[in-house]
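Chain by chain, the residues:
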Amino acid sequence: MDDAALRERVAALVGEATAGEVAAADVLAGDSLIALGVDSLALLRLVDAIELEYGVEVDLNGGPPLDTLDDLVALLTATGPAGG
């Protein structure tokens, strides 16, 4: 999966995790997920979706910061996402 497709898919997962309250287009703009309205429950849903879809383990306690789309893409790129 190329970087643009990965970014679009992760942005869509954010939208799904927030039940549509945060639009994928807003995530693609690069703002902080917290600033966009991603709360702790939505973040947990997002992490679960990423772990299931890409077969990676996301560490919210001590791992790299995951506050932007770029952070999420960097994590998946570094761990070599298997899904898609």
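Each chain carries its own residue numbering, running from 1 in the written order of its sequence. Predicted model: local features are reported for residues with pLDDT of at least 70 only, side-chain atom pairs are reported and counted for 80 or more only, and whole-chain, interface and lining totals are derived from all residues. To obtain the side-chain values, all non-hydrogen atoms of the structure were used and water was disregarded.

Some remarks on the overall build of the protein chain
Only DSSP runs of H or I reaching four residues or more are called helices, and only runs of E reaching two or more are called strands; each is numbered from the N terminus. The helix and strand inventory of the protein chain stands at 5 helices and 0 strands. In the protein chain, the order of α-helices and β-strands from amino to carboxyl end is α-α-α-α-α. Just to be clear, the radius of gyration here is over C-alpha atoms, and the globule rule we use is 2.2 Å times residues to the power 0.38. Relative to a compact globule of 84 residues, whose C-alpha radius of gyration would be 12 Å, the protein chain shows 11 Å and is just as compact. Summarising its shape, the C-alpha atoms of the protein chain cover approximately 30 × 30 × 20 Å along the three principal directions. Only protein chains enter the accessibility calculation, which uses a 1.4 Å probe; a residue is then buried when its area is under 20% of its type maximum, exposed when over 50%, and partly exposed in between. The proportion of buried residues among the 84 residues of the protein chain is 32%. Within the protein chain, residue pairs in contact and separated by at least 24 positions form 56% of the contacts whose partners lie at least 6 positions apart. Carbon and sulfur atoms provide 52% of the accessible area of the protein chain, an area that totals close to 4600 Å². Throughout, a residue-residue contact means that at least one pair of heavy atoms, one from each residue, lies within 4.5 Å. Per-residue and other accessible areas follow the Shrake-Rupley method at a 1.4 Å probe size, with only the shown protein chains counted as cover for residues.

Some thoughts on helix H5 (residues 69-79)
Taken as a whole, H5 has its buried residues at Leu69, Leu72, Val73, Leu75 and Leu76. Viewed end-on, H5 has its buried residues packed into an arc of 155°, placing them on one side of the element. In H5, those exposed residues whose orientation departs by more than 90 degrees from the buried face are Thr77 and Ala78. Taken together, the buried residues of H5 touch helix H1 (3-17), helix H2 (24-28), helix H3 (33-36) and helix H4 (40-54). Note on H5: the residue one or two positions beyond its end, Gly80, has a positive phi of about 70°. This arc is taken over the directions from the axis of the helix to the C-beta atoms.

Topic: the nonpolar core
Counting 23 residues, the largest nonpolar core has Val14, Leu46, Ile50 and Leu72 as its most contacted members. Secondary-structure elements contributing two or more residues to this core are H1, H4 and H5. Looking at this core, the element that brings in the most residues is H1, giving 6 residues. Filtering out sequence-adjacent residues up to four positions away, Leu72 remains in contact with Val10, Val14, Leu33, Leu46, Ile50 and Leu66. Each nonpolar core is a collection of buried residues, namely Ala, Val, Leu, Ile, Met, Phe, Trp, Tyr and Cys, held together in the definition by side-chain atoms within 4.5 Å.

Some words on H4
In a helix, the anticipated span is given by 1.5 Å times the number of residues less one. Under the 1.5 Å per step criterion, the end-to-end length of H4 is 21 Å for 15 residues, consistent within 8% with the ideal 21 Å. For H4, every residue scored as buried is listed here: Ala42, Leu46, Val47, Ile50 and Tyr54. The buried residues of H4 occupy one face: seen down the axis, they fall within an arc of 140°. Tucked inside the fold, the buried residues of H4 contact H1, H3 and H5. Whenever a nitrogen or oxygen atom comes within 3.5 Å of another N or O atom, the pair is scored as a polar contact, on the condition that within protein one atom can donate a hydrogen and the other can accept it, and that pairs from neighbouring residues in sequence are kept only if both atoms are in side chains. Taking the backbone nitrogen of Leu41 as reference, a side-chain oxygen 3.3 Å away marks Asp39 as the first, capping residue of H4.

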